[in-house]
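Coordinate inspection notes
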Amino acid sequence: MKIIQQQITEDNRQFIMSTTKRPVGKSSTSIASKIRKKLDSSDVHSDSKTIKITPKRNEEQSIKLSNDPNTSKVKQIKETTSATKAFDYTFYNRPCEDLAKALLGKKLVRLSDKGERLCGTIVETEAYLGHPDKGAHSYKGKTNKNEAMFMDPGTAYVYHIHSYCCMNISSKGDGAAVLLRALEPVENIPSMIKLRQKRTPGKPFKSHELCNGPSKLCLSLDVTKDQINKDDMTKSTKIWIEDGDEIKPDRIVHCKRVNINYAEEWIDKPLRYYIQGNKCVSKLDKEAEKQCNMYIM
DNA sequence: GAGACGATTCGG
DNA sequence: CGAATCGTCTCT
């Protein structure tokens, strides 16, 4: 058993050293969960050979203060975490429809277990408003499953659908959240292809096919309910939003949301938004684009 | 513990 | 356009 550690206290180091000799029959996963309990401020990931500990933001601060900022280790941590670039609470704390539009052009960054940035530009979103929006999971109120929708703006809400995941970000408003429907892949595209190929081995993927759907983007960026649901994206070291391209309002198509046939009078509300002409959008709405073009002229 | 269902995806 | 496939909810 090998331990990779970036920053832990002397007390915790002692605890970890005592667990490095793995008893026969004890899995690395159970040891990882023991460490996770002890280090409640750290993210602990394990496989059969290693345990990896990623510092959370408060620990990054202490690293910065206690180390020479020019050392390569500190530099590396700075580059791979959200410390400087992640949007804060004020970005997310706005009405759902505003956040859905504001997210277009911004970058979604997922720092993988290997410390690699999986990143794409958001090109399509949907707003789900909470009660009385009959399309929203939160329409009937808070449950175990949808609790993240009621948490602070900037909280990730990840749910399962037909054995896939979809990802939302909570906005201002009770039970309101924005569904991320499509990304244009930007960084480490070969790694995203590998992640997609876990499901469909051997299939070749063009870049624009990787994240052109709400579950496809979760597969490509390794967004799972286990890892990401209820994560605070203003503080998370696993997932956050960074600034990206400026999108002019007249390039945003407003149209009906997808696959909410049960939502009655809410079916036709124009709560889906996408960047006109972007190749990664999951479904085009030609009628809505006509309206959009007329408006421009 | 069975049965139904879904803000999806893939292949034919 | 139908099947896959699985976590969650509901009812027994």
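Residues numbered from 1 in each chain as written. Chains lettered and ligands numbered in written order. Predicted model: local features only at pLDDT ≥ 70, side-chain atom pairs only at ≥ 80, totals over all residues. Heavy atoms only, no water.

**Concerning the side chain of R110**
Turning to its location among the elements, R110 is positioned in strand 4 (residues 107-111). If we ignore the near neighbours within four places in the chain, the residues touching R110 are E116, R117, L118, L221, D222, V223, Q227, I228, K238 and I239. (Helix = DSSP H or I, 4+ residues; strand = E, 2+ residues; numbered from the N terminus. Contact = heavy atoms within 4.5 Å.)

**Examining helix 7 (residues 189-199)**
Buried within helix 7 we find S191, M192, L195 and R196. All buried residues of helix 7 lie within an arc of 140° about the axis, which places them on one face of the element. Opposite the buried face of helix 7, at more than 90 degrees from it, the exposed residues are P190 and K194. Looking at the buried residues of helix 7, the elements they touch are strand 5 (117-128), strand 8 (177-187) and helix 8 (214-220). (Buried < 20%, exposed > 50% of the residue type's maximum accessible area, 1.4 Å probe, protein only. Arc of directions from axis to C-beta.)

**Structural notes on the nonpolar core**
The biggest cluster of nonpolar side chains holds 60 residues, and the ones touching the most others in it are L103, L108, M167, M233 and I241. In terms of residue count, strand 8 provides more of this core than any other element does, six residues in total. Beyond its immediate stretch of four places on either side in the chain, M233 contacts A86, F87, Y92, L108, G154, A156, M167, I169, I239, W240 and I241. The next biggest cluster of nonpolar side chains, apart from the first, holds five residues, and it includes V109, L111, C119 and W240. (Core = buried A, V, L, I, M, F, W, Y, C linked by side-chain atoms within 4.5 Å.)

**Notes on unusual backbone geometry**
Note that the residue after H131, namely P132, is joined by a cis bond; omega there is 5°. Relative to the helices and strands, P132 resides in the loop between strand 5 and strand 6 (156-161). For E264, which is not glycine, the phi torsion reads 50° and is therefore positive. Relative to the assigned elements, E264 resides in the loop between strand 10 (252-255) and strand 11 (272-275).

**A word on the protein's contact with DNA strand C**
In the region of DNA strand C, the neighbouring residues are K145, H160, H162, S163 and K225. In the interface set of DNA strand C, defined as its atoms within 4 Å of the protein, sugar plus phosphate atoms amount to 75%. The separation between a phosphate oxygen of DNA strand C and a polar main-chain atom of K145 is 3.5 Å. Within the side chain of H162, one N or O atom sits 3.5 Å away from a base nitrogen of DNA strand C. Along the lines of polarity and charge, the residues of the surface near DNA strand C split into no nonpolar, three polar and two charged. (Near = heavy atom within 4 Å. Polar contact = N/O pair within 3.5 Å; in protein donor to acceptor, adjacent residues only side chain to side chain. Nonpolar A, V, L, I, M, F, W, Y, C, P; charged D, E, K, R; others polar.)

**Quick word on the packing of aromatic side chains**
Under the definition given, this model contains three aromatic pairs. Between F91 and Y92 the ring centres are 5.2 Å apart and the planes differ by 85°, which places this aromatic pair in the edge-to-face class. Exposure class is identical for F91 and Y92. Each is buried. When the ring centre of F91 is taken as origin, the NZ or CZ atom of R94, which lies over that ring, is 4.7 Å away. Geometry around W266 places K269 over its ring, the cationic atom sitting 5.2 Å from the centre. (Phe/Tyr/Trp six-rings, centres within 6.5 Å; stacked < 30°, edge-to-face > 60°. Lys NZ or Arg CZ within 6 Å of the ring centre and 35° of its normal.)

**Describing the environment of N259**
Position of N259 among the secondary structure elements: in the loop between strand 10 and strand 11. The exposed category is assigned to N259, whose relative accessible area is 61%. Sequence separation of N259 and R181 is 78 residues, and the distance between their C-alpha atoms is 12 Å.

**Considering the pairing of strand 9 (residues 239-242)**
Judged by which residues are buried, strand 9 turns out to be covered on both faces: I239 and I241 on one side and W240 and E242 on the other are all buried. Here four bridges tie strand 4 to strand 9, and the two strands are oriented antiparallel to one another. If you follow R110 over to strand 9, its bridge partner there is I239. (Pairing = 2+ DSSP bridges.)

**Quick notes on the pairing of strand 7 (residues 164-170)**
Within strand 7, six of the seven residues are buried, which leaves it mostly tucked inside the rest of the structure. Sheet analysis places strand 6 next to strand 7, joined by six bridges and oriented antiparallel. Paired with I161 across the two strands is Y164, which belongs to strand 7. By the bridge criterion, three bridges tie strand 7 to strand 8 in an arrangement that is antiparallel. Each bridged residue has a counterpart across the sheet, and for S170 the counterpart in strand 8 is A177. Taking the residues that link successive antiparallel strands as the turn, the strand 7-strand 8 hairpin has six residues, and the phi of G173 there is positive, at about 105°.

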